[in-house]
Amino acid sequence: MTHHDCHEVDGARYQHAITIILTITYDPNTLPHIIALLNNRANVTIHGVLQEADRITLNIWTDTQSLFCALHHLETLPGVEHISFGRVL
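Reading the values: rules and limits
Residues numbered from 1 in each chain as written. Predicted model: local features only at pLDDT ≥ 70, side-chain atom pairs only at ≥ 80, totals over all residues. Heavy atoms only, no water. Pairing = 2+ DSSP bridges. Helix = DSSP H or I, 4+ residues; strand = E, 2+ residues; numbered from the N terminus. Axes fitted to C-alpha atoms, helices over the stretch in contact; angles between N-to-C directions. Salt bridge = Lys/Arg side-chain N within 4 Å of Asp/Glu carboxyl O. Buried < 20%, exposed > 50% of the residue type's maximum accessible area, 1.4 Å probe, protein only. Arc of directions from axis to C-beta. Contact = heavy atoms within 4.5 Å. Left-handed = near helix turned anticlockwise from the far one by under 90°. Polar contact = N/O pair within 3.5 Å; in protein donor to acceptor, adjacent residues only side chain to side chain.

J.: Explain the sheet that holds strand β1 (residues 16–24) residue by residue, including any values.
T.: Pairing within the open sheet is antiparallel, and its 4 strands lie in the order β2-β3-β1-β4. Of all the strands in the sheet, the pair left with one neighbour each is β2 (44–51) and β4 (80–87). Each adjacent strand pair in this sheet contributes to an overall mean axis angle of 20°, direction not counted. Where β1 meets β4, 7 bridges bridge the pair, whose relative direction is antiparallel. Across the sheet, the residue bridging to Leu-22 is Ile-83, located in β4.

J.: Tell me about the pattern of salt bridges, residues and numbers included.
T.: A pair can form between side chains of opposite charge whenever their charged atoms are brought close. Scanning the model with the defined rule gives 1 salt bridge in all. Among the ionic pairs, Arg-55 bridges to Glu-52, the shortest N-O distance being 3.3 Å.

J.: An account of helix α1 (residues 30–39) is needed here, citing residue identities and associated values.
T.: Buried residues of α1: Thr-30, Leu-31, Ile-34, Leu-37 and Leu-38, and no others. Buried residues of α1, viewed axially, fall in a sector of 125°; they line one side. On its buried side, α1 packs onto β1, β2, β3 (55–62) and α2 (64–74).

J.: Go over the packing of α1 against α2 with me, naming the residues and quoting the values.
T.: The contact between α1 and α2 brings their axes to 10 Å, and the two run at 145°. Crossing geometry of α1 relative to α2 is assigned as right-handed. The residues of α2 that touch α1, namely those facing Ile-34, Leu-37 and Leu-38, are Ala-70, His-73 and Leu-74.

J.: Could you give me a rundown of α2, with the residues and numbers involved?
T.: Of all the 11 residues making up α2, 9 are buried; the element is thus mostly covered by neighbouring parts of the structure. Within α2, the full set of buried residues consists of Gln-65, Ser-66, Leu-67, Cys-69, Ala-70, Leu-71, His-72, His-73 and Leu-74. Its buried side turned inward, α2 meets β1, α1, β2, β3 and β4. Of the residues that open α2, the one with a side-chain oxygen 3.1 Å from the backbone nitrogen of Gln-65 is Asp-63.

Right under this line is the structure:
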């Protein structure tokens, strides 16, 4: 996915509650980088964060296009090993 793709994803602009789980290599700076990255994304609102030793769980409110753009940027952060996500029902 290129930066250009972040603006052309054909997805609904409806907002959804999403949980993102990041498996990380422990670094005290990882969580602040993740929060800063998400705070700079349009249409992403953080509702909750839980950090464990090797995992960060984020509860956000966003639309499909913004979600995939944010995921693309999250995967480039140092220390992020794996990302899983799903809609909160």
